[in-house]
Amino acid sequence: MTRFITVISGKGGVAKTTTAINLGVAFNQFGKEVTVVDANLTTPNVGLYLGAPVVPINLHHVLQGKYPVSDATYMLPCGIKMVPASIALQDLNGVKPEHLPRIIKGLDKTSDIVLIDAAAGLGREALAAINSSDELLIVTNAELPAITDALKTIKLAEELGKPVIGVVLTKSRGDDLEVSVRNIEAILEKPVISVIPFDEAIREALQMKDSVVLTHSKSKSAIGYKKLAAALLGRDYDERAAREFSFLGSIFNRLGFRKRL
């Protein structure tokens, strides 16, 4: 049975998309087949992050009723599948976000895990992304504006009956200017299950159009995402095992067992 997880923040710029992509690659390194859906219909970034900003068929085309979602699903060299949204403004015509849950459910049984990268804010797009999943992962920074928006997102999730599996703190510098983990948990009334440190390796990976989990596998941020994946899978983290999965996956890619974009 496919597990549907919406990665959401409430506030933009907190590394939500970075988290969705790297968590997906980390899940893949633990042997899971993963699809990342870019549900940010107005300002999508997943394809840009992964070096495929323009594809023949995208999520907007599916929402317009032109194609099935399977036609907008692409296997990437990094080992995960992607359903990208369109970066073209004209493709917003005729798109209704409320149809997103039905379309995403069409991915059931096509992957072990479907990660839905939600739009920032709490508008129609974010609401559609929330309704498309069974559980939510909240991404925030240790700063009051981001925490406040995360709290609003959690309250909305509770109203909709969607469980929040935890909070991920990103871009953490661990200094005295940040709100402490204890205080964040007290404000949000949810556990902080991962702290991803501020890491220049993430910027380098973005420039390389790839996941930091692959480009800088020993970096602090990459290890943080792999530990998060292990926790969400109910496993103990084993760096050697994760590297072995990654190595085998790269061999399968080179041998053509996965269809490249």
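Let us look at the structure shown here. The model shown is predicted, which means the values in this text are computed figures rather than measured ones.

1. Some details on helix 5 (residues 124-131)
Of all the positions in helix 5, only Glu125, Ala126, Ala128, Ala129 and Ile130 are classed as buried. As for helix 5, its buried residues are in contact with strand 1 (3-8), helix 4 (100-105), strand 5 (113-117), strand 6 (135-140) and helix 6 (144-160).

2. Points about unusual backbone geometry
Residue Lys109 is not a glycine yet carries a positive backbone phi of 75°. Along the chain, the position of Lys109 falls in the loop between helix 4 and strand 5. Residue Lys109 is classed as exposed on the basis of its relative accessible area of 73%. The residue Glu189 is not glycine, and still its phi comes out positive at about 60°. Position of Glu189 among the secondary structure elements: in the loop between helix 7 (181-188) and strand 8 (192-197). Take Glu189: its relative accessible area is 59%, and that puts it in the exposed class.

3. Describing the packing of helix 1 (residues 16-29) against helix 10 (residues 220-232)
With their axes 8 Å apart at the nearest point, helix 1 and helix 10 run at an angle of 65° to one another. It follows from the interaxial angle that helix 1 and helix 10 lie roughly perpendicular. Here helix 1 runs over helix 10; the crossing is right-handed. Within the contact between the two elements, helix 1 uses Thr18, Thr19, Asn22, Leu23, Ala26, Phe27 and Gln29 and helix 10 uses Tyr225, Lys226, Leu228, Ala229 and Leu232.

4. A look at helix 1
An α-helical turn contains 3.6 residues, so any two residues separated by three or four positions project in the same direction. Here helix 1 spans 20 Å end to end across 14 residues, near enough to the 20 Å set by a 1.5 Å rise per residue. Counting buried positions along helix 1 yields 14 of 14 residues, so the element is predominantly enclosed. At the C-terminal side of helix 1, Gly31 shows a positive phi close to 90°.

Calculation rules
Residues numbered from 1 in each chain as written. Predicted model: local features only at pLDDT ≥ 70, side-chain atom pairs only at ≥ 80, totals over all residues. Heavy atoms only, no water. Buried < 20%, exposed > 50% of the residue type's maximum accessible area, 1.4 Å probe, protein only. Helix = DSSP H or I, 4+ residues; strand = E, 2+ residues; numbered from the N terminus. Contact = heavy atoms within 4.5 Å. Axes fitted to C-alpha atoms, helices over the stretch in contact; angles between N-to-C directions. Parallel < 35°, antiparallel > 145°, perpendicular 65-115°, else oblique. Left-handed = near helix turned anticlockwise from the far one by under 90°. Expected span 1.5 Å × (residues − 1).

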